[in-house]
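As a plain string of letters, each chain reads:
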Amino acid sequence: MESLLQDFRYALRILRKSPGFTAVAVLTLALGIGVTTTIFTAANDFLLRPLPFANSDRLVMVKHYDRTLAQSGWTDPPTFKHWREQNHVFEDMAVWSEATNQFNLTGVEGPERVPARQVSSAFFHLLGVRPILGRTFSAEEDRPGGNRVAVISHSLWETRYGENSSILGKAIILDGKDYTVIGVLPAGFRFSTTSEEVWTPLAELFDGGSGSFYLNAIASLKPGVTLAQAQADMDVITAPLAQQLPDSWNGDQKVAVESLRHRYVRDLRPALLTLLVAAALVLLIACVNLANLQVVRATNRYKEIAMRRALGASRARIIRQMLSESSVLALLGGSAGLLIAFASVRAFYAALPAGWQPISRGGIDAAVLAFALVTLLLTVFLSGMVPAWSATGFDLNEGLKEGLRSPLASISRRSFRAVLVVGEIALAAMLLMGAALVIKGFVRLSAVNLGFDSENVLTIDLSRTKTGTVTFYKDVLERLSALPQVQAAGAVNFRPLSGPAWDQDITIEGRPPLPQGNLIWAAHREVSLGYFRAIRIPLLNGRSFAATDQDKSVAVISETMARRYWPGENPLGKRFGVNCSGTPCQWNSIVGVVADVKELGATAEPVSAMYFLGTMREMTLVVRAAQDPTNLIADVRGIIRSVDPDQPIADIRTLENIVSESDAPQRLTMLIAGLFAALALLLAMIGLYGVIAYSVAQRNHEFGIRMALGAARGDILHLIVTQGFRLALAGIIVGMAGALALTRVLASLLFGITPTDPITFGAVAILLVGLVL
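The numbering scheme is per chain: residues are counted from 1 as the chain's sequence reads. Restriction of local features to residues with pLDDT of at least 70 applies here, the model being predicted, together with a cutoff of 80 or more for giving and counting side-chain atom pairs; totals for whole chains, interfaces and linings are based on all residues. In computing side-chain values, all of the structure's heavy atoms are included and hydrogens and water are not.

What follows is about the overall build of the chain. Helix and strand labels come from DSSP, where a helix needs a run of H or I of at least four residues and a strand needs a run of E of at least two; each type is numbered from the N terminus. A tally of helices and strands in the chain yields 23 helices and 22 strands. Here's how the labels work: a residue is buried when its accessible area is under 20% of the maximum for its type, exposed when over 50%, partly exposed in between, all with a 1.4 Å probe on protein chains only. Burial status across the chain gives 52% buried among its 773 residues. Residues count as neighbours in contact if any of their non-hydrogen atoms are within 4.5 Å of one another. Looking at the chain alone, contacts between residues at least 24 apart form 82% of all its contacts between residues at least 6 apart. Accessible surface, the chain as shown: approximately 33900 Å² in total, 58% of it carbon and sulfur. Per-residue accessibility takes into account occlusion by the displayed protein chains alone, with areas from the Shrake-Rupley method and a 1.4 Å probe.

Written out as structure tokens, the structure is:
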């Protein structure tokens, strides 16, 4: 132990004597360890950390997939009841509804729009959640006709009701109805990435029929049951539903059992895994760079090494001393890297929209610190052992005979350093290529025509619980349209990019009825007169709605719907019905065709959409301003309050902000990948510069002789540049070859380009050559 402490004390003295080398080495390691720890922290929170529910490893989603529907994953009440009664693999099952996710909460405290969730009685028990006050729902309350009760979140109890325990048993008004508060959930509990404030029983919606897709099913596996066994059991018990529930099941559908974690990480998993690989490459480049620096430094210490060996020190003893120096550097770099990671993790989460935050967030905890420690140990080995072994691997007799010339400066040692530089540039080239592909894919994604113009548009989510819905929206829109800075105002029941919502089956007049279970579908959109103008959806054929169309059975359809259901025909004047099964069909005449809107995001195919002139309880106002739409917020609030002082306003956002949030994971991946690539390139250039600079210093005597024999300054410059260019060219070639294999894993993150895009490969190669020169 005393000998080891002596090694560390000596290492500290040696490093203090070389402040420049120490600073560069520590900074290199700090950057490598900092970025790696940051990404691992995020990956740990999203992918590895247990969900904040009891027995979270046994919680699964049971999904009803239909390839013909946009809302794949939802199921209907009869299917869920069948699953719950017939399965042999689940301890319990529960559902929650997507039909209502906001409530108007009113009372003496003022109107407020609160996130809500309707769940079955087994939901909280299945998750292992116990309220801090009161209780959760009983089976009797989870039936049609049961008492209207509610469970509220700790945050709502704290902010609106002052943490007063007397809230239990009292009524709160939700959407104009009295609900008795029976429980308060523990602080910090949330089931979705955005926190729910109110929970109510599903009873009043649970009597839906076959084909009413609005339920999400969750289950808890019995101990010892695997996902594969659960999937097999569900396949067996679901098979008869094709005959029992033909409106819900046909040959295009299947049941899937997935881990509950998939609900939270489905969209971010590819990006996080890719960033982990990129961070590991940055750390590896940092290790190679440090190894190169230490090889050069060891070359300058050949006299010390030779003297110590001549005095009896073994090779192992000198290697241990050099590893001690690497350990000190790693400790300093690791400490600085953790400081970088603490700041970077906060910045990473700040860059994520609210809907993309992890459900369980622990930050830099024991698991992350253990990862950082293992990373440090690997860093010590990778950046210390190879240089130490190389620096002590010369013949002592030959070394003493060399006199002033270092045996470590031999051709073999120079070749070793050259290999390190080639490897460093190759790794940087691979990372730069991956980043270039991601950036190019994001640029193309950003250029996708979403079918509307989001610039200078304000959106306002509203939900009416009072009577006079039509009059309310009519008055609000008229007053908004009268504002001088407003160019157009309209309303829609589901704004663009709000996700899949309300698909309905349609029947086309004059065509034979389709076989049962083989329906055709379209997204149902209710809009006001000014909606198409407000977000500038282009009219392609026919006309838009007019005031005279009120109470008439007319529709405007999307381009995809026209092409899909009336191929090669002019759809104007054609008629179709909605939900005609078993009832007399009300035919709607098509008066216009508008451009497709990317309802599900830029990467998704446009859906068939049908627009009707009308007003529903829940609508989103869209207001186009002449300039910055946020300047209208105060006026919008004032107008809504003047029409109805008790009307809650849920959310006011610009449409540009909504579009930005829709591609947030791709943008964050692009920014971080670009940062990693720039860092890797910087480290590689430093490594190349160090090798060339040292090589020039070692060959000063040779260059002097060459110039004495008539070599011009340009000849020497050519010799030096050629040496560096050869190293860089070799690294670029190796890196491009590696990138051809590595970038194939990026396919899921790329949009509009292939992982082997030749233009990108060529541009990166030219950039690298230019930077090297």
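Right, picking up where we left off after that structure.
Interaxial angles span 0 to 180 degrees and are taken between N-to-C directions of axes, which are lines fitted to C-alpha atoms, for helices over the stretch in contact. Between helix α21 (residues 700-708) and helix α22 (residues 713-742), the least distance of the axes is 10 Å, while the angle of their chain directions is 145°. Both α21 and α22 take part in a crossing whose hand is right-handed. Side by side, α21 and α22 meet where E702, F703, R706 and M707 of the first sit next to I716, L719 and I720 of the second. Tallied by class, residues from the contact of α21 with α22 come to five nonpolar, no polar and two charged. Crossing handedness follows the turn of the near helix against the far one: under a right angle anticlockwise gives a left-handed crossing, and clockwise gives a right-handed one. Following the grouping adopted for this structure description, the nonpolar residues are Ala, Val, Leu, Ile, Met, Phe, Trp, Tyr, Cys and Pro, the charged ones are Asp, Glu, Lys and Arg, and the polar ones are all others, Gly among them.

Next up on the list: the packing of helix α15 (residues 469-481) against helix α18 (residues 633-643). At their nearest, the axes of α15 and α18 sit 10 Å apart, and the two run at 145° to each other. Seen along the crossing, α15 lies across α18 with a hand that is right-handed. Contact residues: α15 offers F472, D475, V476, R479 and L480, while α18 offers V636, I639, I640, S642 and V643. Residue composition of the contact of α15 with α18, by class: seven nonpolar, one polar and two charged.

Strands pair, by our definition, only if DSSP identifies at least two bridges between them. In this sheet, strand β4 (residues 112-119) lies alongside strand β3 (residues 102-106) in antiparallel orientation, the contact comprising four bridges. In the sheet register, L105 faces β4, and the bridge partner there is E112. The loop that links β3 with its antiparallel partner β4 comprises five residues; one of these, G107, has a positive phi angle of about 150°. Two elements, β3 and strand β7 (residues 171-174), share two bridges in a ladder whose sense is antiparallel. Directly across from L105, in β7, lies its bridge partner L174.

Here we take up the packing of aromatic side chains. Aromatic rings from Phe, Tyr and Trp, taking only the six-membered ring of Trp, are treated as a pair when their centres fall within 6.5 Å; an angle between ring planes under 30 degrees marks them as stacked, one over 60 as edge-to-face, and anything in between as tilted. Within this structure, the stated rule accounts for 22 aromatic pairs. Between F472 and Y473 the ring centres are 5.2 Å apart and the planes differ by 75°, which places this aromatic pair in the edge-to-face class. A single burial state applies to F472 and to Y473, both of which are buried. Judged by centre distance (6.5 Å) and plane angle (80°), the rings of Y565 and W566 are edge-to-face. With relative accessibility at 9%, the residue Y565 sits in the buried group. Members of the aromatic cluster, joined through ring pairs, are F53, W96, F123, F124, F137, F189, F191, W199 and Y264.

Relative to the elements of secondary structure, L376 occurs in helix α12 (residues 366-391). A C-alpha to C-alpha distance of 7.4 Å links L376 and L331, two positions 45 residues apart in sequence. If sequence neighbours within four positions are ignored, L376 has contacts with I33, A330 and G334.

Turning to the nonpolar core, a few remarks are in order. Proteins that are soluble and globular tend to have nonpolar side chains buried together. Counting residues in hydrophobic clusters, the biggest one holds 116 residues, and the most contacted among them are F123, L127, F191, W199 and Y611. Looking at this core, the element that brings in the most residues is helix α14 (residues 411-446), giving 14 residues. Definition used in this section: a nonpolar core is a set of buried Ala, Val, Leu, Ile, Met, Phe, Trp, Tyr and Cys residues joined via side-chain atoms within 4.5 Å.

As for its placement among the helices and strands, D644 is situated in the loop between α18 and β22 (651-654). Side chain to side chain, D644 and R464 meet in a polar contact 2.5 Å long. Think of a polar contact as two N or O atoms within 3.5 Å of one another; within protein, one of them needs to be a possible hydrogen donor and the other a possible acceptor, and neighboring residues in sequence only count if both atoms come from side chains. Within the structure, the side chain of D644 is placed 3.0 Å from the backbone nitrogen of D646, a separation counted as a polar contact. With residues near it in sequence (within four places) discarded, D644 still touches R464, K466 and F472.

Counting buried positions over the seven residues of strand β10 (residues 215-221) gives seven, a clear majority of the element. Here strand β2 (residues 90-97) runs beside β10; their pairing, made up of seven bridges, is antiparallel. If you follow D92 over to β10, its bridge partner there is S220.

The working definition used for a salt bridge is a side-chain nitrogen of Lys or Arg within 4 Å of a carboxyl oxygen of Asp or Glu. This model, assessed by the stated rule, comprises 22 salt bridges. Between R49 and D45 there is a salt bridge, with its nearest N and O atoms 2.8 Å apart. This pair shows no difference in class: R49 is buried, exactly as D45 is. The residue R543 makes a salt bridge to D549 at a minimum N-O spacing of 2.7 Å. Residue R543 is classed as partly exposed on the basis of its relative accessible area, which comes to 35%. Through salt bridges with shared partners, a single network forms among R113, D175, R617 and E618.

Our focus in this paragraph is α15. Given a helix with a known number of residues, its expected span is that number minus one, times 1.5 Å. With 13 residues, α15 extends 18 Å from end C-alpha to end C-alpha; this agrees with the ideal 18 Å at 1.5 Å per step. Listing the buried residues of α15 in full gives T469, F472, Y473, V476, L477 and L480. Seen from one end, α15 has its buried residues packed into an arc of 120°, which puts them on one side. Looking at the buried side of α15, the elements it contacts are β12 (457-463), β13 (486-492), β21 (618-625) and α18. Arc, as used here, means the arc of the directions from the helix axis to the C-beta atoms.

Before going further, it helps to examine unusual backbone geometry. Although it is not a glycine, D175 sits at a positive phi angle of roughly 50°. Structurally, D175 is set in the loop between β7 and β8 (177-184). Its relative accessible area of 13% is what places D175 among the buried residues. Despite not being glycine, N456 has its phi angle at roughly 60°, a positive value. Structurally, N456 is set in the loop between α14 and β12.

What follows covers a nonpolar patch on the surface. A patch consists of residues whose relative accessible area exceeds 30% and which take part in no salt bridge; residues with like charges are grouped when within 9 Å of each other, and nonpolar side chains (Val, Leu, Ile, Met, Phe, Trp, Tyr) when within 5 Å. Residues V24, L682 and I686 make up a contiguous nonpolar surface patch of about 230 Å² in total accessible area. Along the chain, the position of V24 falls in helix α2 (residues 19-48). Its relative accessible area of 35% is what places V24 among the partly exposed residues.

Turning next to the confidence of the model for the chain. Detailed reading of predicted coordinates is not advised where the pLDDT is low. Put simply, the chain has an average pLDDT of 81, and 85% of its residues get 70 or more. Mean pLDDT across the secondary structure elements of the chain bottoms out at helix α13 (residues 396-401), with 52, and peaks at strand β19 (residues 588-594), with 93. Residue-level confidence of the predictor is what pLDDT reports, using numbers from 0 through 100. A low-confidence stretch, residues 403-409 (pLDDT under 50), is modelled with 23 contacts involving residues beyond four sequence positions or located in other chains.

Positionally, T193 belongs in the loop between β8 and β9 (198-201). Remark: the alpha-carbon pair of T193 and Y264, spanning 71 residues in sequence, is separated by 7.6 Å.

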